[in-house]
Amino acid sequence: MRVAIAEDLVLLRQSIARLLTQNGMEVVAETGDAAGLIDAVVAHRPDLVIADVRMPPTFTDEGAKAALLLRDRFPAIAVVMLSHIVEPALAMRLAADRPARFGYLLKDRVLDLDDFVAVVRRVAAGGTAVDRQVIDHYLVGSGLSPREREVLGLLAQGLSNLAIARSLVVSERTVDSHLASIFVKIGLPQDADHNRRVRAALLWLRGTGASTDVPPGGGNLPSQA
Amino acid sequence: MNRWARAAVGGIVVGTAGVVMAAWASGFRYGGSAPVFVVLLAVSALVSLEAGLGLVRSGERMVGRWVLAVCGSLVVYLVSTAAAVGYGRWNDDPAASFVVVLHAAGYIVPVALLQVCFVIAGVRLGLVGAAGRRLAAAVGGYGLAFAVAGMLALPVGPPFAHIQPVLEVPEGAAMVLPLPWMAGVFAGPAVAWRALSRARRGARPRALMIAVLALTPVATILVCVLAGFMAFAFDVMSVGLGEAVLAVAFCAPFLVCTAGLRRALGPKPPPGDVTRVLSVLVTALFSIVVVAVSTILGSGLSGVLPVVLGTLAVAAVLAPLRRRSVRFLSLRTDPVRARTARLVRVAEAGTRPAETVQEILRTALDAPDLLLLLRLPDERGWVTAEGVPVPEEGVETGPSARLVGLQDAADVDGCLPEVGPLIERAVLEMAVRDQAARVEEAVSEERKRLERDLHDGVQGRLLALALDLKMAQRELDAQAQLVLTDAAEGLATAIDELRALAGGTTPDLLSRRGLKAALTDLTGRMPTRIHLEIPEQRLPAPVETVAYLVVCEAVTNVLKHAEAEQIAIALTVSDGRAALTVRDDGRGGTDLRAGTGLRGLSERVRTAGGSMVVSDARPHGTVLEVILPCG
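Residues numbered from 1 in each chain as written. Chains lettered and ligands numbered in written order. Predicted model: local features only at pLDDT ≥ 70, side-chain atom pairs only at ≥ 80, totals over all residues.

Observations regarding the overall build of chain B
- Per the secondary structure count, chain B includes 21 helices and 10 strands.
- Residue burial in chain B is summarised as follows: out of 631 residues, 41% are buried.
- Here the contacts in chain B between residues at least 6 apart in sequence split such that 70% fall between residues at least 24 apart. (Helix = DSSP H or I, 4+ residues; strand = E, 2+ residues; numbered from the N terminus. Buried ≥ 20, exposed ≤ 12 C-beta atoms within 10 Å, placed from the backbone. Contact = placed C-beta atoms within 7 Å.)

Section: the sheet that holds strand 1 (residues 2-6) of chain A
Residues and elements named next belong to chain A.
- The 6 strands lie next to each other as 2-1-3-4-5-6, forming an open sheet whose pairing is parallel. Strands at the two margins of the open sheet, each flanked by one partner only, are strand 2 (26-31) and strand 6 (128-130). Averaged over all pairs of adjacent strands, the angle between strand axes in this sheet comes to 20°, irrespective of strand direction.
- Summarising the sheet, strand 1 and strand 2 pair through 5 bridges and their orientation is parallel. Bridged to Ala 6 within strand 2 is Thr 31.
- Contacts between helix 2 (residues 34-44) and the sheet are confined to strand 1, strand 2 and strand 3 (48-52), with strand 1 contributing the most and set at about 165° to the helix. (Pairing = 2+ DSSP bridges. Axes fitted to C-alpha atoms, helices over the stretch in contact; angles between N-to-C directions.)

Details of the interface of chain B and chain A
- Across the boundary between the two partners, chain B contributes 28 residues, which contact 27 residues of chain A.
- Those elements that place two or more of their residues in the side of chain B that touches chain A are helix 16 (409-474), helix 17 (478-503), helix 18 (508-513), helix 19 (515-524) and strand 6 (529-533) of chain B.
- When residues in the side of chain B that touches chain A are grouped by element, the largest group, 13 residues, is from helix 16 of chain B.
- Its residues placed into classes, the side of chain B that touches chain A shows 11 nonpolar, 7 polar and 10 charged. (Nonpolar A, V, L, I, M, F, W, Y, C, P; charged D, E, K, R; others polar.)

Points about the pairing of strand 9 (residues 611-616) of chain B
Residues and elements named next belong to chain B.
- In the sheet, strand 9 pairs with strand 10 (residues 622-629) via 6 bridges, with the strands oriented antiparallel. Across the sheet, the residue bridging to Val 613 is Glu 625, located in strand 10.
- Connecting strand 9 to the next strand, strand 10, in antiparallel fashion are 5 residues, including Gly 621 with a positive phi near 115°.

Focus on the packing of helix 2 of chain A against helix 3 (residues 62-73) of chain A
Residues and elements named next belong to chain A.
- Two elements in contact, helix 2 and helix 3, have axes whose closest approach is 9 Å; the angle formed by their N-to-C orientations is 25°. As summarised for this structure, helix 2 and helix 3 are arranged roughly parallel, according to the angle between their axes. As helix 2 runs across helix 3, the sense of the crossing is right-handed. Contacts between helix 2 and helix 3 pair Ala 34, Leu 37, Ile 38 and Val 41 from the former with Glu 62, Gly 63, Lys 65, Ala 66, Leu 69 and Leu 70 from the latter.
- Classifying every residue of the contact of helix 2 with helix 3 by side-chain character gives 7 nonpolar, 1 polar and 2 charged. (Parallel < 35°, antiparallel > 145°, perpendicular 65-115°, else oblique. Left-handed = near helix turned anticlockwise from the far one by under 90°.)

As for the nonpolar core
- Residues Met 81 and Leu 202 of chain A together with Ala 547 and Val 551 of chain B are the most contacted members of the largest nonpolar core, which totals 112 residues.
- For Val 551 of chain B, the contacting residues outside a window of four places in its chain are Leu 519, Leu 522, Ile 569 and Val 582 of chain B.
- Counting 97 residues, the second-largest nonpolar core is a separate cluster that includes Val 99, Leu 125, Ala 244 and Leu 265 of chain B. (Core = buried A, V, L, I, M, F, W, Y, C linked by C-beta atoms within 7 Å.)

Re the pairing of strand 1 of chain A
- The buried count for strand 1 of chain A comes to 4 of 5 residues, which makes it a mostly enclosed element.
- Since strand 1 of chain A and strand 2 of chain A lie parallel, the crossover through helix 1 (residues 10-22) of chain A that links them has a hand, and here it is right-handed. (Right-handed = clockwise from strand over helix to strand, strands pointing away.)

A few points about helix 2 of chain A
Residue and element names in this part refer to chain A.
- Turning to helix 2, its buried residues number three or more, namely Ala 34, Leu 37 and Val 41. Angular distribution of buried residues about the axis of helix 2 spans 50°; they occupy a single face of the element. Exposed residues on helix 2 whose side chains face more than 90 degrees from its buried face are Val 42 and Ala 43.
- The secondary structure elements touched by the buried residues of helix 2 are strand 1, strand 2, strand 3 and helix 3.
- Note on helix 2: the residue one or two positions beyond its end, Arg 45, has a positive phi of about 45°. (Arc of directions from axis to C-beta.)

A look at the packing of helix 8 (residues 161-168) of chain A against helix 9 (residues 172-186) of chain A
All names here are of chain A.
- Running from N to C, helix 8 and helix 9 point in directions that differ by 110°, and their axes come no closer than 8 Å. One way to sum up the angle between helix 8 and helix 9 is to call them roughly perpendicular. In this structure, helix 8 contributes Asn 161, Leu 162, Ile 164 and Ala 165 to the contact, and helix 9 contributes Glu 172, Thr 174, Val 175 and Asp 176.
- Residues belonging to the contact of helix 8 with helix 9 are distributed by class as follows: 4 nonpolar, 2 polar and 2 charged.

A short note on unusual backbone geometry
- A positive phi is found at Arg 101 of chain A, a non-glycine position, where the angle reads about 55°.
- Mapped onto the elements, Arg 101 of chain A comes out in the loop between helix 4 (88-97) and strand 5 (102-106).
- Positive phi values are uncommon outside glycine, yet Glu 379 of chain B reaches one of about 55°.
- By secondary structure assignment, the location of Glu 379 of chain B is in the loop between strand 1 (371-375) and strand 2 (382-384).

Things to note about helix 3 of chain A
Residue and element names in this part refer to chain A.
- Here helix 3 is 12 residues long and its end C-alpha atoms lie 16 Å apart, about the 16 Å a rise of 1.5 Å per residue gives.
- Inspection of helix 3 places Glu 62, Gly 63, Ala 64, Ala 66, Ala 67, Leu 70 and Arg 71 among the buried residues, and these make up the whole buried set.
- Buried-residue contacts for helix 3 involve strand 1, helix 2, strand 3, strand 4 (78-83) and helix 4. (Expected span 1.5 Å × (residues − 1).)

Looking at the environment of Val 256 of chain B
Residue and element names in this part refer to chain B.
- Looking at the element boundaries, Val 256 is found in helix 11 (residues 239-264).
- Residue classification places Val 256 among the partly exposed residues on the basis of 18 C-beta atoms within 10 Å.
- Sequence separation between Val 256 and Val 47 is 209 residues; the distance between their C-alpha atoms is 9.0 Å.
- Those residues in contact with Val 256, other than ones at most four positions away along the chain, are Leu 213 and Thr 216.

Quick word on the environment of Pro 165 of chain B
All names here are of chain B.
- Tracing the backbone shows Pro 165 in the loop between helix 6 (130-153) and helix 7 (171-176).
- Given 15 C-beta atoms within a 10 Å radius, Pro 165 is considered partly exposed.
- Taking C-alpha positions, Pro 165 is 8.7 Å from Val 101, a pair spaced 64 residues apart along the chain.
- Residue contacts for Pro 165: discarding those within four places in its chain leaves Leu 152, Ala 153, Leu 154 and Pro 155.

With respect to the environment of Leu 403 of chain B
Residue and element names in this part refer to chain B.
- Looking at where Leu 403 falls in the secondary structure, it is placed in strand 5 (residues 401-404).
- Once the C-alpha coordinates of Leu 403 and Leu 370 are considered, the two residues, 33 residues apart in sequence, prove to be 6.9 Å apart.
- If we ignore the near neighbours within four places in the chain, the residues touching Leu 403 are Leu 370, Leu 372, Gly 394, Val 395, Thr 397 and Val 412.

What about the sheet that holds strand 4 (residues 395-396) of chain B?
Residues and elements named next belong to chain B.
- The 5 strands lie next to each other as 3-2-1-5-4, forming an open sheet whose pairing is antiparallel. Strands at the two margins of the open sheet, each flanked by one partner only, are strand 3 (389-390) and strand 4.
- The pairing of strand 1 with strand 5 spans 4 bridges and is classified as antiparallel. By the bridge assignment for strand 5, Leu 371 is matched with Val 404.

Below is the structure:
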């Protein structure tokens, strides 16, 4: 798998590159800003891009903007955004519309080496990864039972049923039945496709679950151009 | 017709004055006919003629006629003086006696008629009604009666002492007769006094001027009395000088008042600085009193030093009294100033003197859109009473204050002495607030810079280091792995702590994405259900910071003490004000005075120019409301 990394902290960028290389991935480009990232993507056509939300020159959201642009221009390229703080609204905006091949993680998560590598692989394979802090934020006041919240949260983070089952130390059948009851409870269609279920969960969380972010009746999302 | 009248009266005046001057030049010494007196009297007659004719011409017929009557009586006095010195001096027949007594009583009528003019002017302006007319009739009537009685009953002084009065009156009656006439001098001031407090807006400058004019005869009477004492009783002044002073004091009111009446009732209203004239007049009155008292002292004490000291002492005693009289009269004559003084008395400036002053001026001047602008120190420009920066405009009302939206700039002059100290306080308070805001801003900027440095520098380095350690860990034996695991965990903790530290009071998210994003992030981590209603719009950075701190502290309080199930946080922005409400359904009973946290918060809010109220919610819980100005 070919990866491009955009991160302005050189030390961290090199460490991530080393980690990915050790895990059998090929880092084709390393850059320190958004413009460099776009150049690298055009030049190398990587399978996956890891980008810091905040980069020079203004240190606001250059990385996020570049990522949006890349997702539009090169839909086949997977994107993992790293942020040093959690911005639920930004993460949800990026994730909920097109969860496929997208990840949003707090930077600190790279320290869980195996999890991080797994997330990168999952996203590259077409999956989703949303930081659990983002999901927790939207789960507050969702009206579900604690267990159901856990299951829905893990699903919304992009975990497969098997991964959810392992995470909660239960059987996959139990997870299946939980998910079925959750989807009935919140009125979403049961879909066989995992990615679409993740998307439905994200959309529901964003629209209904947490009243903190969206105006009343705001379940209908404008698509991200 | 007017031209002929003018020429005729002018001729008579100049002719008679000429006769008297000739008599005086030929060696006939008679105090009252001193040249200065005759000339002044002639000039007064001409001035009052001009004023009377002008008033009649501009439509003020009533007052004009009375001024012309004053002129006529002055002319009669002058002519009778000329006849007395020209004919009565040489002859001893009834005609000679008549012109002499006519001259002797001639000063009585014009004095009374001048007061009638004031009263009639008051009636004319609608300031007094029927009472004014009755007063005019009484003053004028008694003046005439006293003149006739004087001619018949009062003895004529030297050099005409040989002419005996026709009627014999007892000594007491001779003393009492002039008293009502003298009291008549106060008719004009009395009318003006009564009228001023209810003066209508349009008539006020005219009424003010008439009031000031009406005080002139009172002042000159004092001067007359003083000069009389000094020249004849205490012998501190030569008789000639005393007579000259008497002559000026007698003629000045006719000169000043007739011309002044013409001006006051003329087509153009007089300017509003009559209060200043009033102050000068009162000062003159008090000076006369001081001189009078020191004169009496001088006659009793011998030596210069006691007299000087006595005069200084009298002046010192009277000075505050004078200040108070000027203020008292100004309040009486200027309803706007009186209203301002009343408002200032009942106002409680509290912590917002600027807004208090603005409110007082708005009410007093009846200008609801009036804005008070204050200058900040160090060339930091101008702000409104609420502390919002604005360009410099409006009418200057002091070195550091301006008023915008005045209907009549002249009105403010009266208010300023009353609100001056309050305005000074407001300027100071605004400067202090500005200073506090600057410090706050600087601290906040510094924090932000520090936070950015921590995030982008130290935190990233630590993270990279931790990552390297974790990777190295895999390559090593079990013992080394254990050590490295500890090290990596220590680093992770350090990173967490650093993040919390850098987050501090103004998180990076707040400055970059605004209040909504920052509060969403903050409340998302809280265990209680929190409803947010925050608009997307960005507010000025200091307002966002304070609002964020308020929510942090309030939510922390609720979580710690209130046992609430829900918290609702709402922010609305309108009319340059941000209103923030934090409401919970907990136990309630929170008191602003109780917790230091809330009190500190309230101070922060005040520094930002806002206000904070904590109250109980229904059916239970607490509501915290904060209003912040945000331009």
